[in-house]
Amino acid sequence: MPEGHTIHRLAQDYATAFLGTSPHVTSPQGKFSDAAALLTGSELTHTEAHGKHLFLGFRDADWIHIHLGLFGKVNFGKVNAGDAPAPPPTDTVRLRLANSTAYVDLRGPTTCALITHPEKQAIHDRLGPDPLRADADPHQAYRRISRSRTTIAALLMDQKVIAGVGNVYRAEVLFRHRIDPYRAGKDITPTQWDAIWADLVDLMHEGVRNNRIDTVRPEHTPEAMGRPPRVDDHGGEVYVYRRATLPCHICGGEIRTADLAARNLFWCPNCQTP
Ligand SMILES: [Zn+2]
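Residues numbered from 1 in each chain as written. Predicted model: local features only at pLDDT ≥ 70, side-chain atom pairs only at ≥ 80, totals over all residues. Heavy atoms only, no water.

(A) Spatial organisation of the sheet that holds strand 8 (residues 111-115). On the basis of which strands lie adjacent, the open sheet formed by four strands has the order 2-3-4-8 and antiparallel pairing. Each of the sheet's edge strands pairs with one partner strand only, and the pair in question is strand 2 (44-50) and strand 8. When the angles between neighbouring strand axes are averaged without regard to direction, this sheet yields 15°. Direction of pairing for strand 2 relative to strand 3 (residues 53-58): antiparallel, over a ladder of six bridges. Opposite Glu48, over in strand 3, you have Phe55 as the bridge partner. (Pairing = 2+ DSSP bridges. Helix = DSSP H or I, 4+ residues; strand = E, 2+ residues; numbered from the N terminus. Axes fitted to C-alpha atoms, helices over the stretch in contact; angles between N-to-C directions.)

(B) Local environment of the pattern of salt bridges. Under the definition given, this model contains 12 salt bridges. Residues Arg133 and Glu48 are paired through a salt bridge, measuring 3.0 Å at the closest nitrogen-oxygen approach. In this pair, Arg133 sits in the loop between helix 3 (117-126) and helix 4 (138-145) while Glu48 sits in strand 2, placing the two residues 85 residues apart along the sequence. Per residue, the accessibility class of Arg133 equals that of Glu48, and both read buried. Within this structure, Glu48, Lys120, Arg133 and Asp135 form a network of salt bridges that share partners. (Salt bridge = Lys/Arg side-chain N within 4 Å of Asp/Glu carboxyl O. Buried < 20%, exposed > 50% of the residue type's maximum accessible area, 1.4 Å probe, protein only.)

(C) Just the UniProt feature "domain: FPG-type" (unreviewed entry) in the protein chain, in detail. Sites flagged by UniProt as "domain: FPG-type" (unreviewed entry) map to residues 239-273. The span residues 239-273 shows a helical share of 0% and a strand share of 29%, and its end C-alpha atoms are spaced 16 Å apart. (UniProt positions renumbered as here; feature names shortened; annotations may be inferred.)

(D) Fine view of a nonpolar patch on the surface. Together, Met1, Leu70 and Phe71 make up a nonpolar patch on the protein surface, roughly 360 Å² of accessible area in all. Tracing the backbone through its elements, the reader meets Phe71 in the loop between strand 4 (62-67) and strand 5 (73-78). (Patch = residues over 30% accessible without salt bridge, like charges linked within 9 Å, V, L, I, M, F, W, Y side chains within 5 Å. Areas by Shrake-Rupley, 256 points an atom, 1.4 Å probe, with all protein chains shown as cover.)

(E) Up close: the packing of aromatic side chains. Counted under the stated rule, the structure contains five aromatic pairs. Ring geometry for Tyr14 versus Phe76: centroids 5.2 Å apart, planes at 70°, classification edge-to-face. Remark: Phe76 occurs in strand 5 and Tyr14 occurs in helix 1 (residues 4-18); sequence separation between them is 62 residues. Geometry around Phe55 places Lys120 over its ring, the cationic atom sitting 5.3 Å from the centre. Its end group placed over the ring of Trp63, Lys120 keeps NZ or CZ at 4.2 Å from the ring centre. (Phe/Tyr/Trp six-rings, centres within 6.5 Å; stacked < 30°, edge-to-face > 60°. Lys NZ or Arg CZ within 6 Å of the ring centre and 35° of its normal.)

Spelled out as structure tokens, the structure:
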């Protein structure tokens, strides 16, 4: 499942290609046809992300709510003046936006729905603060964390507590702060939480810029350590994510993995002490 930085990047990419234009909106697959017919030719006035939820606003009134889930994919294409028009969409495309310079196809999302402003607000209200949003309040997350006996690793994955953090960022940020992933939320101090939050803000903004997750500090890059770069389809240099049984970049000990909150957790038992 994509993490929050991917969805914020998509919000930027939709804006770059379509904001202020009135794209042709279609649903070749058919499941979004009625809504597409209502929206087509209307101006795209907003794009926004909150955690793993993407919102496309039309004519300051209607919103498309998109959640990619596990299988959703978005593909952008350019259309150059004088060239052939955008290629015809395949019948797996749930939502296509197209204007004179670009098109974008959405396939396989968990959610693609036309919603009203109050319905959109209800989605924001049930999500925790998102480190990538300017309006996020980290204390809102800490109020829940500091009262919870649940592990911090599970709390970081709970979108009601904090929105946008997925399996990679949770493992990496806990490593960077040397916090045992099994520590209970109530045992995380305010100082530790402030540091975790500030780090997530920085790391996730970098993730939006680079469109990938890098979490190693300058002294632990392949160049600085004279080690080969990581080979993984997620790209990016990380400390623990998917590095089970490999040596820790800091202590040389073995990185471990276990199931936590239905996802594989990765950590270094030497560096991350209880
Ligand atoms: Zn270590």
